[in-house]
Amino acid sequence: MNEVTTIDRTQREYSQAAKDFLARKPQLFINGEWVDSSHDATLDVEDPSSGKIVGKIVDASDKDVDRAVAAARTAFDDNRWYGLPPMQRERVMHRLADLLERDADLFAELEAIDNGKPKGMAGAVDIPGAISQIRFMAGWASKTGGQVINPYTMPTGTVFSYTVKEPIGVCAQIVPWNFPLLMACLKIAPAVAAGCCTVLKPAEQTSLTALKLADLVQEAGFPAGVINIITGNGHTAGDRMVKHPDVNKIAFTGSTEIGKVINKNATDTMKRVTLELGGKSPVVVMPDVDVATTAPGVAGAIFFNAGQVCVAGSRLFAHKSIFDDVLEGMTKTADFWSPRASLDPAGHMGPLVSKEQHEKVLGYIEAGKRDGASVVMGGDAPASDGGYYVNPTILANVNPQMSVVREEIFGPVVVAQRFEDLDEVAKMANDTNFGLGAGVWTKDVSAMHRLASKIKSGTVWGNCHATIDTALPFGGYKESGLGREQGQAGFECYQETKTVIIQL
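The structure presented is a predicted model; accordingly, all values stated were derived computationally and were not measured.

Thresholds, definitions, all that
Residues numbered from 1 in each chain as written. Predicted model: local features only at pLDDT ≥ 70, side-chain atom pairs only at ≥ 80, totals over all residues. Heavy atoms only, no water. Helix = DSSP H or I, 4+ residues; strand = E, 2+ residues; numbered from the N terminus. Rg over C-alpha atoms; globule rule 2.2 N^0.38 Å. Buried < 20%, exposed > 50% of the residue type's maximum accessible area, 1.4 Å probe, protein only. Contact = heavy atoms within 4.5 Å. Lys, Arg positive; Asp, Glu negative; His and termini not counted. Charge placed at Lys NZ, Arg CZ, Asp CG, Glu CD. Phe/Tyr/Trp six-rings, centres within 6.5 Å; stacked < 30°, edge-to-face > 60°. Lys NZ or Arg CZ within 6 Å of the ring centre and 35° of its normal. Core = buried A, V, L, I, M, F, W, Y, C linked by side-chain atoms within 4.5 Å. UniProt positions renumbered as here; feature names shortened; annotations may be inferred. Polar contact = N/O pair within 3.5 Å; in protein donor to acceptor, adjacent residues only side chain to side chain. Patch = residues over 30% accessible without salt bridge, like charges linked within 9 Å, V, L, I, M, F, W, Y side chains within 5 Å. Areas by Shrake-Rupley, 256 points an atom, 1.4 Å probe, with all protein chains shown as cover. Salt bridge = Lys/Arg side-chain N within 4 Å of Asp/Glu carboxyl O. Axes fitted to C-alpha atoms, helices over the stretch in contact; angles between N-to-C directions. Left-handed = near helix turned anticlockwise from the far one by under 90°. Nonpolar A, V, L, I, M, F, W, Y, C, P; charged D, E, K, R; others polar. Disulfide = S-S within 2.5 Å. Pairing = 2+ DSSP bridges. Right-handed = clockwise from strand over helix to strand, strands pointing away.

A. Structural context of the overall build of the protein chain. Scanning the protein chain for helices and strands turns up 17 helices and 19 strands. Against the globule reference of 23 Å for 504 residues, the protein chain gives a C-alpha radius of gyration of 24 Å, in line with a compact fold. On the principal axes, the C-alpha backbone points of the protein chain span a range of 75 × 60 × 40 Å. Taken over 504 residues, the protein chain has a buried fraction of 57%. For the protein chain, long-range pairs separated by at least 24 residues make up 74% of all intrachain contacts whose partners lie at least 6 apart in sequence. Taking the average place of the 49 positive charges on the side chains of the protein chain and the average place of its 60 negative ones, the gap between the two points comes to 4 Å.

So, in structure tokens, the structure goes:
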């Protein structure tokens, strides 16, 4: 991409509060207090806007994981949390949300430093979203209950039968690096609202905001052991959590590949599992749209958060009559989405999260070129001094056999294809192992509903994309996951149903 203006991608200076937090001794939050690891192993904290190491976190040992699980197990078994009046549990959760609102600016900055997303975006999306997760789920703490059910095969009045809802128990929760705080709160909130106790492990690339959240958990007044937060590698600490005999449920958001491994391991002890995994979301643009307003929306569907979104609109299907116009409209957004350092107030897209991700995304782009795809926009990395930047990229002249079309890239890369009719595009949209999200852009209400019914996806958006609300369930079809998060369905994933039958 030929940049119209030269962008200075030098990272801005951190606030004193962020510097102080980064300078803290690496520790773990277990049983309501900050504790040292059982060994000295640490992991680097890297700012992807500069590629510089800015801090350290603990790489938790097996003993550390065991200690955190034991704390959660004890807290659950002695009923110190679930035994409280629901009103009291709800109040503690709202207090946590209040504290997060108080410190929102610092959390947005830490997220920008750690993940690379623009601070403004973190402040507008990630932090309010995390707060909403806590507030919405807090309300469910006092609104759960069972039913009195008359048996079908027994004489009326001979038995009293009912169901009750009970918390599953100790939950191991592993969250990804693309929305670190939001995903942490999305996991923690329904678990504690249901009365469970948790051990949370943030992604090793982005642990800062989860650690800072532990300060607020302590300040909010959660009993010791209810929420434990540890850091470390997925293949060590995460694996230990998944296989731990005292863990009752696993909640994981991440790649389909790792999700499959977790699901297999969980079967040994029949742990309850919720998996929110990969996606290759189709975006269908019908011929009746106003291209001037639709094209920027379609661009945002893939370039938001540098394409590091599980529901990123990475497969564009535009009707042949407007295909060229849609792509032209998307190219006009190049300057808006041109990547900048995360603390640059003018930025809308930051760098990718790591060197590994940077190389992966550029590798996919090169593979697409080798396979015959043409670059309509981007296709390269802009000039920078150490950051992991990739220009927003549009690839055309692709076919379904190409890796860029079939595999999740998790970067700002969209593949564009033409279609002629509704049945054809529905078939094209479903030609994937994934089924997490999909978008349809049209003024035709009938076409919208017909496509929504045909596309095999956990969520279908109309004239928007990646619009997420805490009250609405979220999850995937096919290899995009198991179970649902958010909404009532997400809360109930942390409960068991018990049936009681009493002969009278």
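B. Structural context of the packing of aromatic side chains. Per the stated rule, a full pass over the model turns up 8 aromatic pairs. On the basis of an interplanar angle of 40 degrees and a centroid distance of 5.2 Å, the ring pair of Trp81 and Phe222 is categorised as tilted. Of the two residues, Trp81 is situated in the loop between α2 (62-77) and α3 (86-102) and Phe222 in the loop between α7 (208-220) and β8 (227-229); the sequence distance between them amounts to 141 residues. By relative accessible area, Trp81 is classed as buried at 0%. The exposure class of Phe222 is buried, given its relative accessible area of 9%. We note Arg9 situated over the ring of Tyr389; from NZ or CZ to the ring centre the distance is 5.7 Å. In this structure, Arg24 packs its charged tip against the face of Trp34, placed 5.1 Å from the ring centre.

C. Main features of the nonpolar core. Membership of the largest hydrophobic core comes to 140 residues, with the highest contact counts inside it found for Met93, Leu100, Phe222, Val285, Leu316 and Met330. In terms of residue count, the dominant contributor to this core is helix α6 (residues 180-193) (10 residues). The residues touching Leu316, leaving out its near neighbours within four places in the chain, are Val283, Val285, Val298, Val326, Leu327, Met330, Val414, Val415, Ala416 and Gln417. Of all hydrophobic cores here, the second largest spans 15 residues; its members include Met286, Val425, Ala426 and Met428.

D. Examining the UniProt feature "domain: Aldehyde dehydrogenase" (unreviewed entry) in the protein chain more closely. Per the UniProt annotation, the sites labelled "domain: Aldehyde dehydrogenase" (unreviewed entry) are residues 34-500. For the annotated span residues 34-500, helix accounts for 40% and strand for 19% of the residues, and the straight-line distance between the end C-alpha atoms is 42 Å.

E. Representation of the environment of Lys249. Summarising the element assignment, Lys249 is placed in strand β9 (residues 249-253). According to the relative accessible area criterion, Lys249 is buried, its value standing at 1%. The spacing of Lys249 and Glu359 is 110 residues in sequence and 34 Å in space, taken between C-alpha atoms. Among all residues touching Lys249, those that are not within four sequence positions of it are Ile168, Val170, Cys171, Ala172, Arg272, Val273, Thr274, Cys493 and Tyr494. A polar side-chain atom of Lys249 sits 2.4 Å from a polar atom in the side chain of Thr274. Polar contacts involving the side chain of Lys249 include one to the main-chain carbonyl oxygen of Cys493, which spans 3.3 Å.

F. Quick peek at a nonpolar patch on the surface. Together, Val148, Phe160, Ile502 and Leu504 give the surface a local cluster of nonpolar side chains, amounting to about 400 Å² of exposed area. By the secondary structure assignment, Leu504 is in the segment after β19 (495-503).

G. Looking closely at the packing of helix α10 (residues 291-303) against helix α11 (residues 323-331). It is at 8 Å that the axes of α10 and α11 come closest, and there the two elements cross at 65 degrees. For α10 against α11, the interelement crossing comes out right-handed. Touching Val291, Ala295, Val298 and Ala299 of α10 are Asp325, Val326, Gly329 and Met330, all from α11. For the contact of α10 with α11, the class distribution of residues is 6 nonpolar, 1 polar and 1 charged.

H. Geometry of the environment of Thr293. Looking at where Thr293 falls in the secondary structure, it is placed in helix α10. The spatial distance from the C-alpha of Thr293 to the C-alpha of Gly462 is 14 Å, given a sequence separation of 169 residues. Within the structure, Thr293 has its side chain in polar contact with the backbone oxygen of Asp290 (distance 3.1 Å).

I. Here's a closer look at the side chain of Lys117. Structurally, the position occupied by Lys117 is in the loop between α4 (104-115) and α5 (119-140). Only 3.4 Å separates the side chain of Lys117 from the side chain of Asn305, close enough to count as a polar contact. Beyond its immediate chain neighbours, meaning those up to four positions away, Lys117 contacts Glu111, Ala112, Ala122, Asp126, Asn178, Phe179, Asn305 and Ser342.

J. Structural context of the UniProt feature "active site" (unreviewed entry) in the protein chain. Summarizing the sequence annotation, UniProt attributes the feature "active site" (unreviewed entry) to Glu276 in the numbering used throughout. Relative to the helices and strands, Glu276 is located in strand β10 (residues 272-276). With a relative accessible area of 2%, Glu276 lands in the buried category.

K. Inspection of the state of the cysteines at higher detail. Inspection of every chain in the model, using the stated rule, returns 0 disulfides. Cys310 carries a free sulfur, and the closest cysteine sulfur to it, the one in Cys464, is 15 Å from it. The class of Cys310 is buried, set by a relative accessible area of 11%. Of the residues examined, Cys464 reaches a relative accessible area of 25% and is grouped as partly exposed.

L. Structural view of the pairing of strand β11 (residues 282-285). Burial of β11 is two-sided: the residues Pro282 and Val284 facing one way and the residues Val283 and Val285 facing the other way are all buried. Looking at chain direction, β11 and strand β12 (residues 315-319) are connected through 4 bridges and run parallel. Bridged to Val284 within β12 is Phe317. In this view, the connection linking β11 to its parallel neighbour β12 by way of α10 has right-handed handedness. Relative to strand β16 (residues 437-441), β11 runs parallel, the two being bridged by 3 bridges. Within β16, the position partnered with Val284 by the bridge is Val440.

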